[in-house]
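For reference, the chains in residue letters:
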Amino acid sequence: MTTSSDDATTALQPPPGSIADVYRLVMPLIPFEAVVTKGGDVALTVAAEFLYEVIARARDDERLGMNLLRNLTAVDWVEQGLELVYHFYSIEHRHAATIKCRLPSEGAAVRSVAGLYATADWAERECREMFGIEFLGHPDPRNLLLDEDLDIHPLRKSHPLAPIEVEQGVDVEFFTKQFPPEEPVSPQEKAADADDAAAARPERKPDAELTEEEREAKRAEQAERVARARELAAQRRAERAAGAPPAGGPRAEGAPPPPRPEPAAATAAAPAAAAAAPVSDDRPPAPPPPELPTIPDAEEDPEGRAAAQAERVRIGRELAAARRAQLRGE
Amino acid sequence: MTTTQQTFEGEILTEPVVVEREFETVDMNINVGPQHPATHGVFRMVLTVDGEIVKDAIPYIGYMHRGGEKLSENLDYRGALGYQDRTDYLAAFNSEWVYCNAVERLAGIEIPERAEYVRLILSEFNRVLSHFMFMGAFGTDVGYFGTAFTWTFKERERIQDLFEAVCGDRIMYNYFRVGGLAWEPHESFVEDSNWVLDQVEVGIADVDNLMTDNEVFVARCRDVGVMSAEEAISYGVTGPMLRASGVPFDLRVDEPYSIYDRFYWEIPIGERGDVYDRYLVRLEEMRQSVSIIRQALDQMPTSGPIVAERLPARLRPEPGEIYMRQENPRGEYGIYMVSDGTDKPWRVKMRSPCFHNLSSLRPQVVNSYLADAVVALGSIDIVLCEVDR
């Protein structure tokens, strides 16, 4: 590999003396398709039936000595099937090679190389769960990264990028509850609904087409609506002046949050009316707070301060006991 | 199963009585994790122990699996860049760099030299930061409760302050862009870096003095989790763990990328392949990284563009593929990217070093003591976000 970018090498034949020639020299009877990738590596494509033999002989042969399996993965070329990719490196000879193998999308199976390279154990497990390629003779073909009982192949292009709960099938019930499927409505029903809505709506004419009488009636109706709104506003103002809790609007700073309306009331009446309605509380109202003794300053009257504090505590306890008794119905 | 003979001399009996007893030991399963301080993240293993000897270890991963590869395939080339910070969060600059390099090589973008230098300096700083983090966490594993952690975090904090000044964030940097950098580093970047390097060198010496010759530390680490070179290579182990087993494999030298061919440094390797060697290799790597940063700061052009010219608004690389791999603090981090000519990558595979390193845990801990299993796990220096992706 060099630092300069060699983008023109796409699908180029490897130059003479490259690693592809060594492979051909070692395995003269096996057909290879060799190209140079953009990274400058030589990629050799072999048929699936030769794959294990190529890998095994490349590892054991002195001229190749591919002792490091640095990467194992696959690519899903949807219509052209799957492509299994092995990246090898020889630490003694310092050369790299990529071995590829085309497999069908369904029922892809190759012989495991876990006996040749110990690292292929985990790499093949990952490849199997992600792409659904079976590695025959693998000592422990369980899922590695995914959940053990999942049987999905997420890195296939057919696997959508969707809510994972739906894909896993673990929470379909929850999802259908959250987002119930809409019931199909036939076009006739839709048209009938639209007719009903139109019938319910009062007919409204543009202003220019109204007669004098109709215009008068409309003006009177508007005036009445304005008067009603003003009356309601005055009533609210009076309530606020009397100290009643505000029906809505922004809360004063530090004030306790307004009580939540009961769900049944909220659905039955309009939201504003529900908020203005008093909270239904079947408990008896608490008695008004009594007059508490003022606590004098500690420097002026230490004894009086202690007495006043004790008095407050006593009153508080009495009140609490009385309230408890009241709530218990005694 | 053991058979013992016990002899009693009774007072009444004239002859000694021999009693034969058989002790049956039962293998016990111990569940460690997924939420356990010694597992460095959300990692679970089921250990089968016979007394204190571990007979079998079955690791379970995937608790952090977020489908990063699928998400990256559904975003455009620039959109998935921020995801790289979330894989290896202790070496986010390094991961971002691999991704940027992969896209740039795929799209044929040349980036300016100054940007290369800034990327390299920040990534090497990140390597030092990550190894400091290892020293602290590993020290806690072997019994330095607090001391190692606070000392190394003090140094880590200095580097993070520098990163914050450069890019405004302490962990999720998102500073590298396809074609260069997001913006200029701050004015006093070189002076600040030199100052941080001076402090960090003292910090490395402190850690060295604290841990390397400590008798308890050596007793906990020597000949624990031993892996031969062949075994390590077979398990796909890379990075400091492989070098500790005596294999001088470093992608910065063996498959040089970026501008690493302009610096001189040495690759530390271990002799025995045990936990102590992994510690020593990382310690020496920090010193070598400091050396690389000093050379890079000297060579770096003081002015110049930091973003490539004429970048397309929407990247649509020609159909093709690339397997870009670089040396992260934990090993070989690779991005296998396939383009189909559209504005989204057809396939993105992240080759995580921790994934392969962690798979080598089982042979390390089987037939060792239970307490050593924790030390062996700590020496792998796992980041579970990167393992599960």
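Residues numbered from 1 in each chain as written. Chains lettered and ligands numbered in written order. Predicted model: local features only at pLDDT ≥ 70, side-chain atom pairs only at ≥ 80, totals over all residues.

1. Concerning the overall build of chain A
The helix and strand tally for chain A stands at 10 helices and 7 strands. For chain A, the proportion of its 330 residues judged to be buried stands at 20%. Pairs at least 24 apart in sequence give 46% of the contacts found in chain A among residues at least 6 apart. (Helix = DSSP H or I, 4+ residues; strand = E, 2+ residues; numbered from the N terminus. Buried ≥ 20, exposed ≤ 12 C-beta atoms within 10 Å, placed from the backbone. Contact = placed C-beta atoms within 7 Å.)

2. Some details on the overall build of chain B
Counting secondary structure elements, chain B contains 14 helices and 12 strands. For the C-alpha atoms alone, the extent of chain B along its principal axes is close to 105 × 45 × 35 Å. Taking all 389 residues of chain B together, 52% fall into the buried category. The long-range share in chain B, meaning contacts at least 24 apart out of those at least 6 apart in sequence, stands at 68%.

3. So, the interface of chain B and chain A
With 41 residues of chain B at the interface, the matching set in chain A holds 31 residues. If you list the elements that add at least two residues to the side of chain B that touches chain A, you get α1 (68-73), α2 (92-107), α7 (229-234), β10 (320-328), β11 (331-339), β12 (345-351) and α11 (353-359) of chain B. In terms of residue count, β10 of chain B provides more of the side of chain B that touches chain A than any other element does, 5 residues in total. Of the residues in the side of chain B that touches chain A, the class split is 15 nonpolar, 12 polar and 14 charged. (Nonpolar A, V, L, I, M, F, W, Y, C, P; charged D, E, K, R; others polar.)

4. Considerations on the sheet that holds strand β1 (residues 33-36) of chain A
All names here are of chain A. With mixed pairing, the 5 strands of this open sheet are ordered in space as β1-β2-β5-β4-β3. Looking along the sheet, the strands with just one partner apiece sit at the ends: β1 and β3 (68-77). The sheet shows a mean angle of 20 degrees between the axes of neighbouring strands, taken without regard to direction. The pairing of strand β2 (residues 42-46) with strand β5 (residues 95-103) spans 4 bridges and is parallel. Of the residues in β5, the one forming a bridge with Thr45 is Lys100. (Pairing = 2+ DSSP bridges. Axes fitted to C-alpha atoms, helices over the stretch in contact; angles between N-to-C directions.)

5. Observations concerning the pairing of β12 of chain B
Residue and element names in this part refer to chain B. Where burial is concerned, most of β12 is hidden: 6 out of the 7 residues are buried. Two elements, β11 and β12, share 6 bridges in a ladder whose sense is antiparallel. Looking at the pairing, Ile335 lines up with Met350 of β12. Here β11 folds back onto β12 in antiparallel fashion, the turn holding 5 residues, of which Gly341 has a positive phi close to 90 degrees.

6. Considerations on the packing of helix α3 (residues 113-142) of chain B against helix α10 (residues 275-299) of chain B
Residues and elements named next belong to chain B. Across the interface, α3 lies against α10 with an axial gap of 9 Å and an inter-helix angle of 155 degrees. Taken together, α3 and α10 sit at an angle that is classed as roughly antiparallel. For the crossing formed where α3 meets α10, the hand is left-handed. Across the interface between the two elements, Tyr117, Leu120, Ile121, Glu124, Phe125, Arg127, Val128, His131, Phe134 and Phe138 of α3 pack against Tyr279, Arg282, Glu285, Met286, Ser289, Val290, Ile292, Ile293, Ala296, Leu297 and Gln299 of α10. When the residues that make up the contact of α3 with α10 are grouped by side-chain class, the tally is 14 nonpolar, 3 polar and 4 charged. (Parallel < 35°, antiparallel > 145°, perpendicular 65-115°, else oblique. Left-handed = near helix turned anticlockwise from the far one by under 90°.)

7. Here's the deal with the confidence of the model for chain B
Residue and element names in this part refer to chain B. On average, chain B scores 86 in pLDDT, and the residues at 70 or more come to 95%. Across residues 1-5, confidence stays below pLDDT 50; counting only partners more than four residues off in sequence or on other chains, it has 9 contacts. Of the two predicted TM-score estimates for the complex, the pTM is 0.71 and the ipTM is 0.85. (pLDDT = per-residue confidence, 0-100.)

8. What about the confidence of the model for chain A?
All names here are of chain A. Mean pLDDT over chain A: 76, with 76% of residues reaching 70 or higher. The least confident element of chain A, judged by mean pLDDT, is helix α8 (residues 263-268) at 42; the most confident is strand β4 (residues 81-90) at 92. Scored below 50 in pLDDT, residues 246-254 shows 7 contacts in the model against residues more than four places distant or in partner chains. Across residues 261-279 the pLDDT falls below 50, and counting only partners more than four positions away or on other chains, this stretch makes 14 contacts in the model.

9. Some words on the environment of Phe135 of chain A
Assignment of secondary structure puts Phe135 of chain A in strand β7 (residues 134-136). Phe135 of chain A sits 186 residues away from Ala321 of chain A along the chain, and the two C-alpha atoms are 77 Å apart.

10. As for the pairing of β1 of chain A
All names here are of chain A. Here β1 pairs with β2 via 4 bridges, running antiparallel. Looking across to β2, one finds that Ala34 is bridged to Leu44. Here β1 folds back onto β2, and the loop between the two strands holds 5 residues, one of which, Gly40, carries a positive phi near 90 degrees.

11. Observations concerning the environment of Pro287 of chain A
Within the secondary structure, Pro287 of chain A sits in the loop between α9 (271-276) and α10 (302-328). Put simply, Pro287 of chain A and Ala322 of chain A are 35 residues apart on the chain and 9.5 Å apart in space, counted from C-alpha to C-alpha.

12. Here's the deal with the sheet that holds strand β3 (residues 28-32) of chain B
Residue and element names in this part refer to chain B. Overall, antiparallel pairing links the 3 strands, which are arranged β3-β6-β7 in an open sheet. With partners counted over all chains shown, the strands left at the sheet margins are β3 and β7 (53-60), one partner each. The sheet shows a mean angle of 20 degrees between the axes of neighbouring strands, taken without regard to direction. Bridging between strand β6 (residues 44-50) and β7 involves 7 bridges; their strand directions are antiparallel. Paired with Val49 across the bridge in β7 is Val54.

13. Quick word on the nonpolar core
Here is a general trend for soluble globular proteins: nonpolar side chains tend to be buried in one another's company. Within the largest apolar cluster, 156 residues are counted, with the highest numbers of intra-cluster contacts made by Phe88 and Ile99 of chain A together with Ala102, Val103 and Ile335 of chain B. The leading source of residues in this core is α3 of chain B, at 15 residues. Those residues in contact with Val103 of chain B that sit more than four places away from it in its chain are Tyr77, Val178 and Leu315 of chain B. (Core = buried A, V, L, I, M, F, W, Y, C linked by C-beta atoms within 7 Å.)

14. A word on the environment of Ile335 of chain B
Residue and element names in this part refer to chain B. Mapped onto the secondary structure, Ile335 falls in strand β11. Sequence spacing of Ile335 and Val103 is 232 residues, and the spatial spacing of their C-alpha atoms is 9.4 Å. Excluding anything up to four places from it in sequence, Ile335 contacts Val98, Tyr99, Ala102, Met324, Val348 and Met350.

15. Points about unusual backbone geometry
Residues and elements named next belong to chain B. Backbone geometry places Asp223, a non-glycine residue, at a positive phi of 60 degrees. Judged by C-beta crowding, with 13 C-beta atoms within 10 Å, Asp223 ranks as partly exposed. Its identity is not glycine, yet Ser258 carries a phi of approximately 50 degrees, on the positive side. Topologically, Ser258 is positioned in the loop between α9 (251-254) and α10. Given 17 C-beta atoms within a 10 Å radius, Ser258 is considered partly exposed.

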